[in-house]
Amino acid sequence: MTEEEEDRDRALWASVPWTPVTGPPGPTTPDDTTITSAASSTTGNGSVIIGWQKKDVPYLPNATALQAFDIWIPASSTSSSQQPSKEGSAVDVVPPEPNSIPGGKGVWVVFLHGGAWRDPRVSSTSFSPTAGHILRHIHNRHQKEDVRLGGMISLNYRLSPHPDYPPNHPEYPGDGRGAKHPDHIHDVLSGISFLQRLLKPSPENEDEFVLVGHSCGATLAFQALMDSSRRGLPPTQGLVKPSVVVGVNGLYDLAGFIKAPTKGYEGLRDAYEKFVAGAFGEDESVWREVGPASAGNWLPEWQTLEGGQRTEEGRKRVRKRKAVLVQSKQDTLVPYDQLEKMRDYLLKHATTAAAAAAAGDGDGDGDGDGEEERAGLQVFEMEIGGEHDEIWEKGDQLARILLKVISWL
Ligand SMILES: N[C@@H](CC(=O)c1ccccc1NC=O)C(=O)O
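What counts and how
- Residues numbered from 1 in each chain as written.
- Predicted model: local features only at pLDDT ≥ 70, side-chain atom pairs only at ≥ 80, totals over all residues.
- Heavy atoms only, no water.
- UniProt positions renumbered as here; feature names shortened; annotations may be inferred.
- Axes fitted to C-alpha atoms, helices over the stretch in contact; angles between N-to-C directions.
- Helix = DSSP H or I, 4+ residues; strand = E, 2+ residues; numbered from the N terminus.
- Parallel < 35°, antiparallel > 145°, perpendicular 65-115°, else oblique.
- Left-handed = near helix turned anticlockwise from the far one by under 90°.
- Contact = heavy atoms within 4.5 Å.
- Nonpolar A, V, L, I, M, F, W, Y, C, P; charged D, E, K, R; others polar.
- Near = heavy atom within 4 Å.
- Polar contact = N/O pair within 3.5 Å; in protein donor to acceptor, adjacent residues only side chain to side chain.
- Areas by Shrake-Rupley, 256 points an atom, 1.4 Å probe, with all protein chains shown as cover.
- Patch = residues over 30% accessible without salt bridge, like charges linked within 9 Å, V, L, I, M, F, W, Y side chains within 5 Å.
- Salt bridge = Lys/Arg side-chain N within 4 Å of Asp/Glu carboxyl O.
- Lys, Arg positive; Asp, Glu negative; His and termini not counted.
- Charge placed at Lys NZ, Arg CZ, Asp CG, Glu CD.
- Buried < 20%, exposed > 50% of the residue type's maximum accessible area, 1.4 Å probe, protein only.
- Pairing = 2+ DSSP bridges.
- Right-handed = clockwise from strand over helix to strand, strands pointing away.

The name an unreviewed UniProt entry assigns to the chain is Kynurenine formamidase, from the organism Diplogelasinospora grovesii. One UniProt comment on the chain, placed under Sequence similarities (unreviewed entry), says "Belongs to the kynurenine formamidase family."

A. Broad picture of the packing of helix H2 (residues 128-141) against helix H11 (residues 396-408). The interhelical angle for the contact between H2 and H11, taken along N-to-C directions, is 55 degrees, at an axis separation of 8 Å. As far as their axial angle goes, H11 and H2 are oblique. With respect to the hand of their crossing, H2 and H11 are arranged in right-handed fashion. Seen from H2, the contacting residues are Thr130, His133, Ile134 and His137; seen from H11, they are Asp396, Leu398, Ala399, Leu402 and Leu403. Counted by class, the contact of H2 with H11 contains five nonpolar, three polar and one charged residues.

B. Representation of the site of the ligand within the structure. Around the ligand, the surrounding shell holds 14 residues, and the nearest of these are Ala116, Arg118, Asp119, His162 and Ser215. A distance of 2.7 Å separates an oxygen atom of the ligand from a polar backbone atom of Ala116. A distance of 2.8 Å separates a nitrogen atom of the ligand from a polar atom in the side chain of Asp119. For the ligand, whose accessible area on its own is 410 Å², the fraction buried by protein is 85%. When its residues are assigned to classes, the shell around the ligand shows six nonpolar, five polar and three charged.

C. Structural detail: unusual backbone geometry. Here the residue pair His181 and Pro182 is connected by a cis peptide bond, since its omega of 10 degrees sits within 30 degrees of zero. As for its placement among the helices and strands, Pro182 is situated in the loop between strand E9 (149-155) and helix H3 (183-199).

D. Seen up close, the side chain of Lys241. Assignment of secondary structure puts Lys241 in the loop between helix H4 (216-223) and strand E11 (244-248). There is a polar contact of 3.2 Å between the side chain of Lys241 and the backbone oxygen of Leu225. At a separation of 3.3 Å, a polar atom in the side chain of Lys241 contacts the side chain of Asp227.

E. Looking closely at a negative patch on the surface. There is a patch of like negative charges on the surface, built from Glu282, Asp283, Glu284 and Glu289. Here Glu289 lies in helix H7 (residues 284-290). The exposure class of Glu289 is partly exposed, given its relative accessible area of 43%.

F. Looking closely at the pairing of strand E10 (residues 209-214). With six of six residues buried, E10 lies mostly within the body of the structure. Every second residue of E10 is oriented toward a common face, with Phe209, Leu211 and Gly213 on one face and Val210, Val212 and His214 on the other, all of them buried. Here five bridges tie strand E8 (residues 107-112) to E10, and the two strands are oriented parallel to one another. Counterpart to Trp108 in the pairing with E10 is Phe209. With five bridges connecting them, E10 and E11 associate as parallel partners. What sits directly across from His214, in E11, is Val248. Viewed along the sheet, the connection from E10 through H4 into E11 turns out right-handed.

The structure is reproduced here in structure tokens:
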């Protein structure tokens, strides 16, 4: 990476200021978390600052509006000060400098939203409730329990056209909505590598991050584990793949569903075919290749580093990979057998040589979820409740799952 490129990255990063994320004062239960983003640096209502946020940080030069991410860091991870002002109730706050880069220590969470590669109503903002719950939890537990969170980002990526939302739609106008595969995954990889170039994690923790996606975001999360060359894309320089991937109500075998829809979900076949063709074109063989549960064995690619920049030290460290599959049986848009197909694919293709079965319920929440292990890969199956989008709309359940996953690393 040239000095010029490094300067360019830093300028993009510094182009957006940090704003405070506030929560109600005093100890509260995780369920009454509120999250607001104040534009001014002073909170006058006695609420406390639980984190800092940047909204819409462009991750590419000449980015479209959608080539940007939101980022949240816990307040405790900055050296900014919070002091009561002379008036008593208000709090004067000094936000971190726009160019200040988070310390990089601890686990990073990267979220990919859903919306069938095309719905402009679903964006990076869908992670806000979950981020709020996590920041509140850390704020309350600070010092009692060390939650090793470095920070969280939620990525936007260019979308494919939606028939109901043309680019001149009054409520959802905007550019970046004419995307075709591989544009979506290209943007996701660009966003992650931008973050990694900024944070410069050390070889010991460079893969200590969690990639989590909802619905088609889960498809993208698994696609990010594969080599870019599968998409005809050049290697994403220096991209380190995550040690943990979490798929929530995810789409993993699009071709299989369109060919033979799951019982009870037949009515969705046409809708699937439309949004899949809109994102990937009409060629059904492409549909198979892009589905992480229907593509040829990509598991060995999860271990590799694109661009070949991994240090000797980092290469030696073979971290155990974890895939966490989360799905609701009350989801009326995605059937449970999508999870089952992904689970079976992972277990089948994981190195079978030293296959080891791990007994028990590895996630520790005691609700009968399953865990299976094949050499070097653990697969967790977690059943949740609620409708397709409920998990990110409310955020508390997803926050609990992510806090658990962070504690594993
Ligand atoms: N609201 C979306 C539909 C959608 O998001 C969806 C529908 C069926 C199965 C999965 C979906 N979302 C996956 O990201 C749309 O209007 O295209």
